[in-house]
Amino acid sequence: MSDLGWNPLHGVPSYPAERYAVLADRIGGILRSRNDILLVQAEAVVALEAAAVSLSRPGLSVLNIITSPYGGWFGQWLRRGGATVEDVVAEPGLPIEIEAVAKALDAGPHIDVLALVHAESASGILNPLPEILALARARNIVTVVDAVASVGGHQLDVDDLGIDIAVIGPQKALGGPAGVSALAVSGRAWDLILRDGASRDSILSLADLKTWVDGGRPGLPGTPAPLEFFALEAALDRIEAEGMENIVARHALAASATRAGLAALGAAAWVPAEKASNLVTAVPVPDALAPAALIAAAGQLGIELSEGVGTAPARLVRLNHTGPRAAFQTVLSNVVAYGAALRQAGRPSDIAAASEAISTAYCC
């Protein structure tokens, strides 16, 4: 039996109230934003729902871009609050086409809010965020961006891009804890949230967190979980030491090396590089093979691959190179394991050539 007296997780002190504001400022630096930074005491899906609940009301018109289940959920939360929502749905597992967004914006009445996910870890795709935001800015539309997966994996300059609400979680590319998240909220977004009476007295109320900001950002309401905030602080230490530009570059290299290895292996990535995220690389499974069988075969080698989520009818296997996994050893292990799984299923794969391609990407 373990001695709880020696367990570092036993009797954790409260997180110091005066350090919440410092955390918020450090997150603002990562996002390159001077907007209000809100800390949410939960996983990022709660922050996303809070944004939807706080915005939604009868009379609000929203264009909601769906490229994964997350976009679908966001639309449901908005409708629950009475908003009128038009979904623009991408082809399964693919990024949204900018032409589809422009057509939807031009076809209907004025849109108040446009919402989308930046990068999808569900299918390894990247939506054309700058182009979509440019369309929204030209029409004075408030924008909501789910950047939970993309922050750290892709450049995300919130103020330069003109994002009104950016939702992030530190658990993916930033390599931090999963139990806390954050939002950057612009003045334009606050005008919309606080108009005509805002939702109050709820963990999903951004208006309540606006009171926290306006009150000098003291200790957060309720009983925050101190471990999550100590872990976030440690993650920010690592992020600032490495530098966001270097973190983004590390993810871009991992994605490029993975694609090079797969090509040498004889496998094609799901989407071209310019439409792919740097978080995971998705590979279509050859006909007559089951994704689960390939994943199980890789698992026998101790390598965790996963199946694409929300991508039917595409049958995808994902190679994860997010956060600490965005490194040579993991990239090499992922591709070699996938090649070995193909061989076990009776399909040819040039593992030696794949290994050479990955090594070349990293060292030459």
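Residues numbered from 1 in each chain as written. Predicted model: local features only at pLDDT ≥ 70, side-chain atom pairs only at ≥ 80, totals over all residues. Heavy atoms only, no water.

Brief notes about helix H4 (residues 98-107)
Three or more residues of H4 are buried, namely Val101, Ala102, Ala104 and Leu105. Around the axis of H4, the buried residues are gathered within 165° of arc, so they sit on the same side. Exposed positions of H4 whose direction lies more than 90 degrees from the buried face are Glu99, Lys103, Asp106 and Ala107. Looking at the packing, one finds that the buried side of H4 touches strand S2 (61-66), strand S3 (84-89), strand S4 (113-117) and helix H5 (129-138). (Buried < 20%, exposed > 50% of the residue type's maximum accessible area, 1.4 Å probe, protein only. Helix = DSSP H or I, 4+ residues; strand = E, 2+ residues; numbered from the N terminus. Arc of directions from axis to C-beta. Contact = heavy atoms within 4.5 Å.)

Observations concerning the pattern of salt bridges
Using the criterion set out here, one finds 17 salt bridges in the structure. Lys275 is the partner of Glu97 in a salt bridge, and the nearest nitrogen-oxygen pair spans 3.3 Å. Of this pair, Glu97 sits in the loop between S3 and H4 while Lys275 sits in the loop between helix H10 (244-265) and strand S10 (280-284), and the two are 178 residues apart along the sequence. Classification of Glu97 as partly exposed rests on a relative accessible area of 40%. Classification of Lys275 by relative accessible area gives partly exposed; the value is 31%. A single network of salt bridges, built from pairs that share partners, joins Arg26, Asp237 and Glu240. (Salt bridge = Lys/Arg side-chain N within 4 Å of Asp/Glu carboxyl O.)

Description of the UniProt feature "modified residue: N6-(pyridoxal phosphate)lysine" (unreviewed entry) in the protein
UniProt marks Lys172 with the feature "modified residue: N6-(pyridoxal phosphate)lysine" (unreviewed entry), using the numbering shown here. Position of Lys172 relative to the elements: it lies in the loop between strand S8 (165-168) and strand S9 (181-185). Setting aside residues up to four positions removed in sequence, Lys172 forms contacts with Ser121, Val148, Ala149, Thr322 and Gly323. (UniProt positions renumbered as here; feature names shortened; annotations may be inferred.)

Side note on the sheet that holds S9
In space, the seven strands of this open sheet follow the order S1-S9-S8-S7-S4-S2-S3, with mixed pairing throughout. Each edge of the open sheet carries a strand with a single partner, namely strand S1 (36-40) and S3. Across the sheet, the mean angle separating the axes of adjacent strands is 15° when strand polarity is ignored. Two strands pair when backbone bridges link them, and S2 and S4 are joined in this way by three bridges, in the parallel orientation. Pairing of Asn64 across the sheet is with Ala115, part of S4. Of the strands in this sheet, S2, S3 and S4 touch H4, which is tilted by about 165° from S2. Against the sheet, helix H8 (residues 206-214) engages S1 and S9, with an angle of about 115° to S1. (Pairing = 2+ DSSP bridges. Axes fitted to C-alpha atoms, helices over the stretch in contact; angles between N-to-C directions.)

Structural notes on the environment of Ala354
By secondary structure assignment, the location of Ala354 is in helix H13 (residues 351-363). Judged by its relative accessible area of 1%, Ala354 is buried. Expressed as a C-alpha distance, the spacing of Ala354 and Ala257, which sit 97 residues apart in the sequence, is 9.5 Å. Apart from residues lying up to four places away in sequence, Ala354 is in contact with Gly261, Ala264, Leu265 and Val335.

Description of the packing of aromatic side chains
As enumerated under the stated definition, the model contains seven aromatic pairs in all. Seen from their ring centres, Tyr15 and Tyr20 are 5.0 Å apart, and the 55° between their planes marks the pair as tilted. Across the pair, exposure class does not vary: Tyr15 and Tyr20 are buried alike. Relative to Phe230, the ring of Tyr15 has its centre 5.1 Å away and its plane inclined at 70°; by these criteria the two rings are edge-to-face. Here Tyr15, found in the segment before helix H1 (20-31), pairs with Phe230, found in helix H9 (residues 226-242); they are 215 residues apart in sequence, far enough to count as distant. Counting every residue linked through ring pairs, the aromatic cluster contains Tyr15, Tyr20, Phe229 and Phe230. (Phe/Tyr/Trp six-rings, centres within 6.5 Å; stacked < 30°, edge-to-face > 60°.)

Section: the pairing of S10
For S10, the buried fraction is high: four of the five residues fall into the buried class. Looking at chain direction, S10 and strand S12 (residues 316-320) are connected through five bridges and run antiparallel. By the bridge assignment, Val283 is partnered in S12 with Val317.

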